[in-house]
Amino acid sequence: MTGIARADDSDAAALALQGSAPQAAAKPRAWQLFVESGTGESSVRDNTGTNETRAMQRVSADLRIDATPLAGLRTVFSDRLDYALWPSEIEPKHETNTIKEAYFSLQPSDSLIFDAGRINQYSGIAIGYNPTDFFRGGAVRSFVSLDPISIKDNRQGSVMVRGQALWDGGSLTALYSPKLSSQPNSASFNPDWGATNGVNRSMLIFSKRITDDLNPQFLLYQEEGSAPQFGLNLTKLIGNSTVAYVEWSGGRSNTLLTNVLGQPSDKTFRNRVSTGVTYTTSNKLSLTFEYEYNGAGLDKGSWDRLPVVSPLGYIAYQQYLANAQEMPTRHAVMFYAKWQDMMINHLDLSALVRYNVADRSNLSWVELRYHWTHDEAALQWLNDSGKLFSEFGASPLRSALELSYRHYF
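Residues numbered from 1 in each chain as written. Predicted model: local features only at pLDDT ≥ 70, side-chain atom pairs only at ≥ 80, totals over all residues. Heavy atoms only, no water.

## Concerning the pattern of salt bridges
Opposite charge on two side chains permits them to pair, given that their charged atoms come into close proximity. Counted by the stated rule, this structure contains 28 salt bridges. Here Arg58 makes a salt bridge to Glu402, at a shortest N to O gap of 3.6 Å. Within this pair, whereas Arg58 is found in strand 2 (residues 51–70), its partner Glu402 is found in strand 18 (residues 397–408), the two being separated by 344 residues in sequence. As a salt-bridge pair, Asp341 and Lys284 come within 2.7 Å of each other at their nearest N and O atoms. Here Lys284 lies in the loop between strand 12 (268–280) and strand 13 (285–294) and Asp341 lies in the loop between strand 14 (331–339) and strand 15 (347–356), a separation of 57 residues in the sequence. Take Lys284: its relative accessible area is 43%, and that puts it in the partly exposed class. Shared partners join several salt bridges into a network, and the residues in it are Glu36, Arg58, Asp62, Arg80, Asp82, Lys100, Asp153, Glu367, Arg369, Glu376, Glu402 and Arg406. (Salt bridge = Lys/Arg side-chain N within 4 Å of Asp/Glu carboxyl O. Helix = DSSP H or I, 4+ residues; strand = E, 2+ residues; numbered from the N terminus. Buried < 20%, exposed > 50% of the residue type's maximum accessible area, 1.4 Å probe, protein only.)

## Overview of empty space enclosed by the protein
This structure, assessed with the given rule, holds two cavities of 30 Å³ or more. Empty space within the second largest cavity amounts to approximately 40 Å³. By residue class, the composition of the lining of the second largest cavity is four nonpolar, three polar and one charged. (1 Å grid on protein atoms, 1.4 Å probe; cavity = no way out; pocket = protein on both sides within 12 Å on 5 of 7 lines; lining within 4 Å. Points joined across faces, edges and corners; volume = space filled by probe spheres on them. Nonpolar A, V, L, I, M, F, W, Y, C, P; charged D, E, K, R; others polar.)

## Digging into the packing of aromatic side chains
Applying the stated criterion to the full structure yields 10 aromatic pairs. Ring geometry for Phe135 and Tyr221: centres 5.9 Å apart, planes at 80°, overall edge-to-face. Within this pair, whereas Phe135 is found in the loop between strand 5 (112–119) and helix 1 (148–153), its partner Tyr221 is found in strand 9 (residues 217–223), the two being separated by 86 residues in sequence. Each member of the pair, Phe135 as well as Tyr221, is classed as buried. By way of ring pairs, the aromatic residues Trp303, Tyr314, Tyr317 and Phe389 are connected into one cluster. A cation over an aromatic ring shows up here: Arg29 above the ring of Trp31, its NZ or CZ 4.1 Å from the ring centre. The ring of Phe34 is capped by Arg406, whose NZ or CZ atom sits 3.9 Å from the centre of that ring. (Phe/Tyr/Trp six-rings, centres within 6.5 Å; stacked < 30°, edge-to-face > 60°. Lys NZ or Arg CZ within 6 Å of the ring centre and 35° of its normal.)

## A word on unusual backbone geometry
One non-glycine residue, Asp341, adopts positive backbone phi at about 55°. We note that Arg360 has phi near 65°; this positive angle belongs to a residue other than glycine. Looking at where Arg360 falls in the secondary structure, it is placed in the loop between strand 15 and strand 16 (362–371). On the basis of relative accessibility, which here comes to 66%, the residue Arg360 falls in the exposed class.

## A closer look at the pairing of strand 12
By the bridge criterion, 12 bridges tie strand 11 (residues 242–253) to strand 12 in an arrangement that is antiparallel. Among the inter-strand pairings, Ala244 is bridged to a residue of strand 12, identified as Val277. Note that strand 12 and strand 13 share nine bridges and pair antiparallel. Looking at strand 13, one finds that Val277 is bridged to Phe289. The antiparallel pairing of strand 12 with strand 13 creates a hairpin that spans four residues between the two strands, and Lys284 there sits at a positive phi of about 70°. (Pairing = 2+ DSSP bridges.)

## Focus on a nonpolar patch on the surface
Together, Trp31, Val35, Val59, Ile65, Phe77, Tyr83, Leu85 and Phe409 line one region of the surface with nonpolar side chains, adding up to about 640 Å² of accessible area. Among the secondary structure elements, those contributing two or more residues to the nonpolar patch are strand 1 (31–45), strand 2 and strand 3 (73–85). The element that contributes the greatest number of residues to the nonpolar patch is strand 3, accounting for three residues. By the element assignment, Phe77 lies in strand 3. Since its relative accessible area comes to 33%, Phe77 is described here as partly exposed. (Patch = residues over 30% accessible without salt bridge, like charges linked within 9 Å, V, L, I, M, F, W, Y side chains within 5 Å. Areas by Shrake-Rupley, 256 points an atom, 1.4 Å probe, with all protein chains shown as cover.)

Remember, this is a structural readout, not a statement about activity or role.
Now the structure itself:
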């Protein structure tokens, strides 16, 4: 963790009409800026295997501009700057600037939209692991939180051109993302084209409403030099308070370890799946249980042997996974809770537990966040648990507690 979760946007205030004279609705502001400061302590394992307590401080600034200078023309720019003094085992550099989005959007009619620029193209309905989020690789430049929602929001987009056609009961999206650079660049203020645009890519997304509560989404993704990958997102309402969902992708591919080590191809049809249920109570508490499967990950035996057979391969594999946002092993489960106005108004609780079935390691994260009109205060705690060469036990960060304050301008 190198930060605190991004809070949910405040509820829009209702427009109050005073007196008998007609009142014009206030025009939404075209920009939003917040500055956030955090301080805390962490338990970090050093090179000797000893846990030490380290101080942490950071300052973050987040700017979003969403303007319509002309009818039918929209401009979007979103940028985040993090200046952090974390232990070097967690984050070796101080400043990290992330250009999240920077694009133009043209809407010549109600049914056609064309976009061009850097776009955070996100696909998927699962919370923890998203098999159909094909543009997630290389997108996270700085982890500002372990909250899955924050990770998806604070990553850098890919440069692309995108067109969307909309009609009653359906939509079709087509996009193309070109190769701009061969190598990523982690310099603090570099746009890092190589991380998000290192290869030519294209994708089609088709959605069709079948019934009021059944609206499947089909995806076709093509990356230069690789076989096509197919995807499906499907949700179904069960009763009045439970939603079940399935997110699937599949296609011919190597195992992740084969890609990392450059071994001979072992391509076959591999599946990735996230499926779960979300139950929401009448007092704004949502509970989600999710099962996750990665057919390109390692089975238990291979995962246990890797650090013994190839220590350098194990390190390279972990680094690759962090960049690709992939699961290292085949099976995992996740529990996620969100409670708005917990006990008192404006106090929100978020909690996450991730469990690796193969090595029995786990990650726990909890956040309390209180909202005012233009300010927020948050307290966040996390803990990594597991043996040394497990998914979460390998992290040098063992636990952390952080208090932060955010002001919206």
